[in-house]
Amino acid sequence: MRKIILPSLCLVLATCSPKLPSSYGTSDSTPTVFPDYKDITIPCNIAPMNFVIEEQADAYITVLESGTARAVVKGKTVRIPKPKWNKLISDPEITVQVYVRKDRQWTAYAPFSMTVSDDIDPYISYRIIPVAVESYEKLSLRQRNLTNFKEKVFLSNTMIQNNVQGTCINCHYYKNWETDNMMFHVRHYKGGTVLVLDGQLHKVNMKTDSTISAGVYPSWHPTHDYIALSNNKTHQSVHAASHDKLEVMDEENDIILYDTRNNTVSVIENDSCEMECFPGWSADGRTLYYVSAHYDAPFGPDRKNKIFLDREMLHFNLYSKSFDPDTRVWGKSRLIYDAAAVDSSMTWPRTSPDGRWMVCCNSTHGIFPLDQIASDFVIFDLKDNSYRYADEINSQYAESYHCWSSNGKWLMFSTRREDGVHTRLYFSHIDESGHFSKPFTLPQRDPDFNREFLNAFNIPEFMKEPVHITARQFASFISATQATQSKYESKRGE
Amino acid sequence: MAKARWILPVALWGVLTFFSYEFLLKVEERSLFLYDALWLKDFLIKPSGILSFLSLFLTQFLHIPWLGALIWTILLTLSAELTRIIFRIPVTLSALTFIPASIFVAYNMSMGYTVYLTNLPGYFYMPLLGYLWALLTVTVLRKERKAAVLLILFLTWGFAGYYIAGFYSLAGTVATCIYISVSGDYSRTGKILPIAVTAVSLLLAPVAFAGTTTYNISNGWIIGMPEQDYGLTFTRMQLPLMLAMVCLAIAPVIKFRNVLSGKGITMAIQSAAIAVVIAVPSLFWFRDDNFKAELGMIRATELMDWDKVTDIYSKLQNRHEKDPSWQPTRVHVLLKDLALIKTGQEGERAYGFENGCKKQKTRCDVPMAFQIGKILHLNYGIPGICNRWCDEEAVLFGCNYLTYKYYAMIAILLNDNTLTEEYLDKLEKTLFYRKWAREQRKIYRDRDLLAQTAPYDMIIPLMCYDDIITSDLNGCEYFLINHFNGPMPANSTPLYDRVALYFALDSKQSALFWPRFNIYLNSNKPSRIARFYQEAAYLFCNIENDPRLETLPFNEKTRNLYKSFMQSASRIGMKSLKDARNAIPANLRHSYYFYFYYVNELEMF
């Protein structure tokens, strides 16, 4: 029996294992591949970087080689086996050589490389959202293991809403990349802000009589039990004929501080002539960065329409404000970047964990970079307050939400660079001089995923660990629990 | 008698093919089947997803209505035949076996405007396939007699069947329990075990899958049935399907052999069953001339068969000529106007038709935007708003062939090549829309060729305005009126000028009319001024004592018609539209004068 099985197995293996062409011509150019993974820097613990060869040919063979490992993959779609990939990324550089056969003639393209670098947090989470204006029937918060392709829904609004009342879920956030302390908002049906505090679930209503809305965009204090959040009254408008499809504007903005232990809300900034938004803590938690636009139109029913008409005059400057986390005393606001002076608008300030860098979105106007083609990243060196456009990661389309890995070596961001409409996740490595490597998209088992999946990735966040609470636990809790009303307390000192 | 039972399916096929093909096409257009692994994956992750997938596969054939109707009819007949064979119903009572099928026919064909709101992928075929699955369940599960094997079989089928067919599988298992309970072929244990296991699977199957899926647990037991949304009630969406399944549960209880003991009783039951099978679909079948005409007009608009659009409108109007209460719906009016504009006939023919705002025959509110929002906004050169409605529809009811088509056309118009490729790729993965996708691929990169190719040739010239944003998000007609009655674009095209003039005419505002009339004359340089533009100009000159009354080249017919109309109007005085329609003769009614004075009560959307 063994005499039959072994040779058969060898024969099968021999047939399956692709043979490299013995003779071939060469091409000076590298092949076009999708996603574009050519000459990129990747983490040493990332999932296989599968790709499709975008060259017309009759046959394809791809050889991936590092110092000690080698993988040969046949076919237009290059799916790299995980065990072989793990060996490949244990070396500092992977060379990829693509051979194609056209008209019985093999050609070897010029090789391209992937540089293997620092590790990355093993998990990320994001919201999957269909592209729409008003409808939000199918939203899900998902977590993805970056070291493989496993993705899991940790909450979907379909688990909460019923046929009459809809539920929106948004703005998930973690304290120090750990999931034992995390939050997200639930809007409308069964609404409230869901907080996980040391693994325990809570649901609160942060809207008080003294604030304009419940909490919206959060930033969790790195050392203390505070979350800075914006308050927003948001409206949307549709473009009649433009590559920008949507215009999102806030009628009012303020910033609040939420004390997670005492369930209290206090105002950080609420100047009636200023629209303050996007709070972001510094790495040490002693400074709060935020953006604000000066706008002094009267409050009332016409303000909403007026703000859309005035949208191109609405420029958000970048500010900082000192904070003593022990006494909760705030310092005065300080202008960091006068965006209005150069007719631009700065949003989403987020500092690196080492406190050295801060990346913001910069656009022509307004507050919602996601829907503005012109939105690009700007990086600030907080050591000397210099800044520059991060052109090495910017594209012709909108760059928007971004976050730093816990080791500060990677920036993950959402971008519409692939088609202008569907937001995708990209990663880039930052070196010591603040220079980003060529960004690459989230690897998928099926490398055509980004072209097939016509929903958007939204609010990407790194995590050191998965969310431990299951989707059903979240859903049951949200459905069964009434939100506890937060108490308002006045701001301390300035 | 045995052969006579085939008459029903044949008749159904005929009616569907010849009288309901527009509806079948609408059902198909609003579904999607992609030959694509990633798309399939979406169906595999939730209970009843496989049934949904198979239903969508079959729905695509409605693209050729006679073929789709044939497949559906064959499957309906098959369901009846299998019911007869499984429950050993004699041929002489075969009409009984058609009762579930008649419920499915009634269910689908009573849909009417609900077709725009149903959010379950594959809903057209799902009840029928679900019923077939339930029949299979009965067939497989009832065969086994050994208690231990029964236990395993029921347990496996209870959960696996639920994954495949959701509610229908649960219903099938319950029907099998009833079958086993009333059958004398099973031991006592053999009867109790299935009931116990079914009770467990009924309770636990939805819970067991809850961990891996994202539905609301309270919907777990009815998964596979359309949801109640947009005012669609339990009675409309779920009760009929439950009734069909009740038939399955009742069938084993009836002792058909006993029934057959008397020939008279057999005849009576068979006759009653035939009556039910015919009556149920007939009673519930959605029959509405306006709806049928709307579907025809929408279809013709999509095919850019503009003459057919106005032709359907004319025929509809003629059919109701003797009914003074008849009015067109806004869908009719807006599509008729669009067709006239596309053919350059609006100035000559627009007010030659009856106007109105007949309330659509629907119990729940079906927003105009879901009916013709995309088609109007795209054809009037406002791709952003069209895109918005594609987005909303895709989220609410799932992407369908039409949304992808519109997405592709929007991307083409806005010169978004990557996006265009993505959407055309999707359509390339369909059976019946790939040809269209390939045709678009040939033209979209060549902007000159595109500008000469329909429908783009009549859309691009309307996109000459500077981009605007609007938060007026819900009223299709209001949006169009505001758009074209707004400031004229600096680089307006002759086509835009003509459309803007028509909208000014429609708004009855002379302050809008005159500047647009002048612009139109300058840019379009018509050899003669169209009838209704003349009538409007003549009317406004008269009202405002405008000296142009003497200088503009009004023809004699315009002057005479005005005179006759004013005489007639002064005789009857100001009346409601309905009364004015009765009082004023057709030749005067079909004038701008009549529109100006009497068409004032139109509800717009």
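Residues numbered from 1 in each chain as written. Chains lettered and ligands numbered in written order. Predicted model: local features only at pLDDT ≥ 70, side-chain atom pairs only at ≥ 80, totals over all residues.

### With respect to the overall build of chain A
Scanning chain A from N- to C-terminus turns up 5 helices and 36 strands. Taking 23 Å as the expected radius of gyration for a compact globule of 494 residues, we find that chain A reaches 25 Å, a close match to that expectation. Projected onto the principal axes, the alpha-carbon positions of chain A cover approximately 80 × 50 × 45 Å. Here chain A, with 494 residues, has 48% of them falling under the buried criterion. Pairs at least 24 apart in sequence give 57% of the contacts found in chain A among residues at least 6 apart. (Helix = DSSP H or I, 4+ residues; strand = E, 2+ residues; numbered from the N terminus. Rg over C-alpha atoms; globule rule 2.2 N^0.38 Å. Buried ≥ 20, exposed ≤ 12 C-beta atoms within 10 Å, placed from the backbone. Contact = placed C-beta atoms within 7 Å.)

### Some thoughts on the overall build of chain B
A count of helices and strands for chain B gives 33 helices and 1 strand. Summarising its shape, the C-alpha atoms of chain B cover approximately 100 × 60 × 40 Å along the three principal directions. Nonlocal contacts in chain B, meaning residues at least 24 apart in sequence, comprise 71% of its contacts between residues at least 6 apart.

### A few points about the confidence of the model for chain A
Per-residue confidence for chain A gives a mean pLDDT of 93, with 96% of residues at or over 70. Counting contacts from residues 9–15 of chain A, a segment whose pLDDT is below 50, to residues more than four positions away or on other chains yields 0 contacts. (pLDDT = per-residue confidence, 0-100.)

### What to know about the interface of chain A and chain B
Across the boundary between the two partners, chain A contributes 39 residues, which contact 34 residues of chain B. When contributions to the side of chain A that touches chain B are tallied by element, the ones reaching two or more residues are β13 (151–156), β19 (226–239), α4 (449–452) and α5 (471–480) of chain A. It is β19 of chain A that provides the largest number of residues to the side of chain A that touches chain B, a total of 4 residues. Pairing of β19 of chain A with strand β1 (residues 469–470) of chain B involves 2 bridges; the strand directions are antiparallel. If you follow H239 of chain A over to β1 of chain B, its bridge partner there is I469 of chain B. (Pairing = 2+ DSSP bridges.)

### Brief notes about the environment of Y319 of chain A
All names here are of chain A. Counting through the fold element by element, Y319 comes out in strand β24 (residues 317–324). For Y319 and E276, which are 43 residues apart along the polypeptide, the C-alpha to C-alpha distance reads 9.5 Å. Setting aside anything within four residues of it in sequence, one finds Y319 in contact with Y290, V291, S292, S333, R334, L335 and I336.

### Some remarks on the sheet that holds strand β28 (residues 376–381) of chain A
Residues and elements named next belong to chain A. The 4 strands lie next to each other as β26-β27-β28-β29, forming an open sheet whose pairing is antiparallel. In this open sheet, the two strands that pair with only one neighbour each are β26 (345–351) and β29 (386–389). Adjacent strand axes in the sheet meet at a mean angle of 25° when their direction is disregarded. In this structure, β26 lies alongside strand β27 (residues 357–363), joined through 5 bridges in antiparallel fashion. The residue bridging T351 from the neighbouring strand is M358, located in β27. (Axes fitted to C-alpha atoms, helices over the stretch in contact; angles between N-to-C directions.)

### Some remarks on the domain arrangement of chain A
Residues and elements named next belong to chain A. What the domain assignment lists for chain A is domain 1 (26–117) and domain 2 (123–484). Distance from the C-alpha centre of domain 1 to the C-alpha centre of domain 2: 35 Å. The set of elements that each furnish at least two residues to the side of domain 1 that touches domain 2 consists of β3 (40–43) and β4 (51–53). Counting residues per element, the side of domain 1 that touches domain 2 draws most heavily on β3, at 4 residues. Taken together, the residues of the side of domain 1 that touches domain 2 break down into 12 nonpolar, 5 polar and 2 charged. (Domains from an automatic or database assignment. Nonpolar A, V, L, I, M, F, W, Y, C, P; charged D, E, K, R; others polar.)

### Thoughts on the domain arrangement of chain B
Residue and element names in this part refer to chain B. Taken domain by domain, chain B consists of domain 1 (3–284), domain 2 (289–463) and domain 3 (527–605). Taking the mean C-alpha position of each, domain 2 and domain 3 sit 30 Å from one another. Contacts between domain 2 and domain 3 engage 11 residues on the former and 16 residues on the latter. Counted by class, the side of domain 2 that touches domain 3 contains 5 nonpolar, 4 polar and 2 charged residues.

### Examining the packing of helix α15 (residues 289–302) of chain B against helix α16 (residues 306–319) of chain B
All names here are of chain B. Two elements in contact, α15 and α16, have axes separated by 8 Å at closest approach and are oriented at 165°. Considering the angle they form, α15 stands roughly antiparallel to α16. Where α15 crosses over α16, the two elements pack in a sense that is right-handed. Here D289, A293, G296, M297, A300 and T301 of α15 come into contact with α16, specifically with K308, V309, I312, Y313, L316 and R319. Of the residues belonging to the contact of α15 with α16, the class tally is 7 nonpolar, 2 polar and 3 charged. (Parallel < 35°, antiparallel > 145°, perpendicular 65-115°, else oblique. Left-handed = near helix turned anticlockwise from the far one by under 90°.)

### Some thoughts on unusual backbone geometry
Of note, the bond from F34 of chain A into P35 of chain A is cis; its omega dihedral lies within 30 degrees of zero at -10°. As for its position among the elements, P35 of chain A is in the loop between β2 (33–34) and β3. The residue after A454 of chain B, namely P455 of chain B, is reached through a cis peptide bond having omega 0°. The residue P455 of chain B is located in the loop between α24 (447–451) and β1 in this model. Located in the positive-phi region is K190 of chain A, a residue other than glycine, with phi close to 60°. Assignment of secondary structure puts K190 of chain A in the loop between β15 (178–188) and β16 (192–197). Owing to 22 C-beta atoms within 10 Å, K190 of chain A belongs among the buried residues under this scheme.

### Quick notes on the sheet that holds strand β33 (residues 440–441) of chain A
With antiparallel pairing, the 4 strands of this open sheet are ordered in space as β30-β31-β32-β33 (chain A). In this open sheet, the two strands that pair with only one neighbour each are β30 (399–404) and β33 of chain A.

### A few points about helix α10 (residues 188–210) of chain B
Given a rise of 1.5 Å per residue, 23 residues ought to cover 33 Å, and the 34 Å separating the end C-alpha atoms of α10 of chain B matches this to within 8%. The largest bend in α10 of chain B amounts to roughly 40° and is located at L204 of chain B, with the proline P206 of chain B lying one to four residues further along. For α10 of chain B, the full list of buried residues reads L193, P194, V197, T198, S201, A205, P206, F209 and A210 of chain B. On the buried face of α10 of chain B, the contacting elements are α5 of chain A together with α8 (147–165) and α9 (167–182) of chain B. (Expected span 1.5 Å × (residues − 1). Bend = angle between axes of the 7 residues up to and from the residue.)

### Regarding the environment of N232 of chain A
All names here are of chain A. With respect to the helices and strands, the residue N232 is situated in strand β19. We classify N232 as buried; it has 23 C-beta atoms within 10 Å. With sequence-adjacent residues up to four places away left out, N232 is seen in contact with S213, V216, D250, N253 and C277.

### Describing the environment of F503 of chain B
Residues and elements named next belong to chain B. Looking at where F503 falls in the secondary structure, it is placed in helix α26 (residues 494–507). Sequence-wise, F503 and H483 are 20 residues apart; in three dimensions their C-alpha atoms are separated by 9.4 Å. Those residues in contact with F503 that sit more than four places away from it in its chain are I481, F484 and N485.

### Description of the nonpolar core
Among the nonpolar cores identified, the biggest contains 182 residues, and A134, A171, L335, A408, V499 and A536 of chain B are the most heavily contacted of them. When residues in this core are grouped by element, the largest group, 11 residues, is from helix α21 (residues 401–413) of chain B. Not counting residues up to four positions away in its chain, the partners in contact with A536 of chain B are L505, F513 and Y592 of chain B. Counting residues in hydrophobic clusters, the runner-up holds 126 residues, among them V204, L288, Y337 and V378 of chain A. (Core = buried A, V, L, I, M, F, W, Y, C linked by C-beta atoms within 7 Å.)

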